[in-house]
Amino acid sequence: MNIYYLPKAVALGFLLLAVGLPSYAQIYSEQMLPTSSGSQNTIVVKSVDIDNDGDQDLILGNEFQQNSVSFNLGNGDFVTGNNGFSNELNDTDDIGLGDFDGDGDIDIIFINQGGFGHEYYENDGNGNFTIAGFLPATNGGAIAVGDVNNDGFVDVILGNLNQVNFCMINNGDGSFTNETTDRLPGSLKSTDHALLEDIDGDGDLDLFFANRDGNELLINDGTGVFQDQSASRLPQGVDMDTRKACFGDVNNDGKPDLFLANVQFNANEDPQNRLYINESNGFFTDLTAMLLPQALNQTTNAAFHDIDQDGTLDLFITNVLENPLQAFLNDGTGKFTERTNDIISPPVMTDEAWGLAIADFNNDDFSDIYVASRMGLDAYLPGDPEGMIPLNTQNVLSSGDYIVFPNPVIDEIFLKHPTESEITEARIYTMAGQITDHPIIQPMGAETSQVILNKRLSSGLYLLQIKSGKKCVILKLRVET
């Protein structure tokens, strides 16, 4: 038989069967914690391959508990170690990861509150650590890692509480020189998150400080000297306590937009999370009212992630007091709708969620989630890719209204559908829930269309999803090459 592809024809055989479609399916379900985890008063968690064995490990920064690494065994189970970390029970607020000494592995900096000193460790490549040097003993709240002066070495920005932030320039060997006075404006704020991002599209890293007392946007002149341009580039007029922020292109216009995770720990602050759209060259407009649901959560962390694999950035947030983990889907224009119940089941049971890491921990080519809790147990949510299939379905068409023929197929594939049905989209998924093709549905008459694939499918079972408006039907395909 011949099935028409773009650009050429390939022989396939199909058997189509109707598949029942649930009203929704959970992509992420909380499971037993990895063996490494427990109640550690964890404030921050980062994922990285710390021992160079090809899987994602967890770095845990804890409040008045020893910091630790959870080494991934390759299947999403972990073994805890600290392999050289200090026994001091510091109050860790953030973690910086980077190859500071240029030897090809990831080193670690733990940022601690209280002015008792930060912890800076060199990695031997296998996840064993020794003290690499010392940073100024500040009242730390945040760290940002990146090459700010374009000399090829990884520098460090220290965000501090009730203290000026610091700029530490890498000397090329993993040691740092404090060049704060020459490079930063020196405002006195309380910074809980620092981000390096090319905000204005000129090829260098600019700097955003998420503060408890007024956020700041600093523009890099290309040499690592920053100018405070917050007043002209950031929306003004709202008192916020911003604990985390994340950049991402939510409206697919090629420019990084900005999400602010806010809390109301003082009565005069607005707890509404905010979404700033990058209109041009790093000038932002507050479109929260149009794009985000109104909510009074106490949001401590956020991460953009393409949950439904439609090519747009969706959003996870963590909160304290209630709703520890929430999920929001992006409609492609930057407008977000909460879909937590459709995506996560059962509700995450943890207290005071502060840390959030998203990575493929069990090596199944699908993302998993780790939520770090300041009180109680952390939460671990492996992803279930089969939950992807009906995620965007709001109503279900009758599968009997959609038939492919002839059956079995001899030559071209045709689709019979209701009279002049407007098919808005078609997708083909693997049985694991991964999108593998967006076929073209070419109308041929009032009730008939041709299915044109863009790629060769190998033998096996697939799911064909056909959407008409907000309704859809899913049919099972058997491909025999």
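Residues numbered from 1 in each chain as written. Predicted model: local features only at pLDDT ≥ 70, side-chain atom pairs only at ≥ 80, totals over all residues. Heavy atoms only, no water.

> Quick rundown of the sheet that holds strand S18 (residues 191-197)? Include the residues and the values.
Remark on secondary structure: sheet strands pair via backbone hydrogen bonds, oriented parallel or antiparallel. In spatial order, the strands read S18-S19-S20-S21; together these 4 strands make up an open sheet with antiparallel pairing. A single partner strand is all that each edge strand has here, and the edge strands are S18 and strand S21 (226-228). When strand polarity is set aside, the average angle formed by the axes of neighbouring strands in this sheet is 25°. Note that strand S20 (residues 216-220) and S21 share 3 bridges and pair antiparallel. (Pairing = 2+ DSSP bridges. Helix = DSSP H or I, 4+ residues; strand = E, 2+ residues; numbered from the N terminus. Axes fitted to C-alpha atoms, helices over the stretch in contact; angles between N-to-C directions.)

> Any chance you could break down the nonpolar core for me, citing the residues and the numbers?
The biggest cluster of nonpolar side chains holds 18 residues, and the ones touching the most others in it are Tyr28, Phe316, Leu325, Ile344 and Leu381. The set of elements that each furnish at least two residues to this core consists of strand S28 (325-330), strand S30 (351-359), strand S31 (368-375) and strand S32 (379-381). It is S28 that contributes the most residues to this core, 3 residues altogether. Leu325 has contacts with Phe316, Ile317, Thr318, Thr340, Ile344, Val348, Leu356, Ile369, Val371 and Leu381, leaving out every residue within four places of it along the chain. (Core = buried A, V, L, I, M, F, W, Y, C linked by side-chain atoms within 4.5 Å. Buried < 20%, exposed > 50% of the residue type's maximum accessible area, 1.4 Å probe, protein only. Contact = heavy atoms within 4.5 Å.)

> Residue-level account of the side chain of Asn123, with values.
Tracing the sequence through the fold places Asn123 in strand S10 (residues 119-123). A distance of 2.9 Å separates the side chain of Asn123 from the backbone nitrogen of Gly125, its partner in a polar contact. In this structure, Asn123 is in contact with Ile50, Asp103, Asp105, Ile106, Asp107, Asn128 and Phe129, ignoring residues within four places of it in sequence. (Polar contact = N/O pair within 3.5 Å; in protein donor to acceptor, adjacent residues only side chain to side chain.)

> Tell me about the packing of aromatic side chains, and please be specific about residues and values.
Applying the stated criterion to the full structure yields 15 aromatic pairs. A ring pair is formed by Tyr28 and Phe316, whose centres lie 5.7 Å apart and whose planes are at 80°; its orientation type is edge-to-face. One end of the pair, Tyr28, is in the loop between strand S3 (14-18) and strand S4 (42-48); the other, Phe316, is in strand S27 (residues 314-320), with 288 residues separating them in the sequence. By relative accessible area, which is 0% here, Phe316 ends up buried. On the numbers, 6.4 Å between centres and 75° between planes, the contact of Phe259 with Phe304 is edge-to-face. (Phe/Tyr/Trp six-rings, centres within 6.5 Å; stacked < 30°, edge-to-face > 60°.)

> Account for the side chain of Asp314, naming residues and giving values.
Within the secondary structure, Asp314 is located in strand S27. Asp314 has contacts with Ala303, Phe304, His305, Asp306, Ile307, Asp308, Phe328, Leu329, Asn330 and Phe336, leaving out every residue within four places of it along the chain.

> Describe the pattern of salt bridges, listing the residues and the values that go with them.
Counted according to the given criterion, the structure contains 12 salt bridges. Lys46 is the salt-bridge partner of Asp94, the closest N and O atoms lying 3.8 Å from each other. With Asp94 in strand S8 (residues 92-98) and Lys46 in strand S4, the pair connects residues that are 48 residues apart, well separated along the chain. In the salt-bridge network here, residues are joined through shared partners; they are Asp192, Arg212, Asp241 and Arg243. (Salt bridge = Lys/Arg side-chain N within 4 Å of Asp/Glu carboxyl O.)

> I'd like to hear about unusual backbone geometry, residue by residue, with values.
A cis geometry characterises the amide bond from Ser345 onward to Pro346, with omega recorded as -10°. Of note, Pro346 is situated in the loop between helix H4 (340-343) and S30. Positive phi, close to 55°, is recorded for Asn252, a residue that is not glycine. Residue placement: Asn252 occurs in the loop between strand S22 (241-248) and strand S23 (257-263). Residue classification places Asn252 among the partly exposed positions, given a relative accessible area of 44%. The residue Asn363 is not glycine, and still its phi comes out positive at about 55°. Among the structural elements, Asn363 can be located in the loop between S30 and S31. Its relative accessible area of 41% is what places Asn363 among the partly exposed residues.

By themselves, these figures tell us nothing about what the structure is for.
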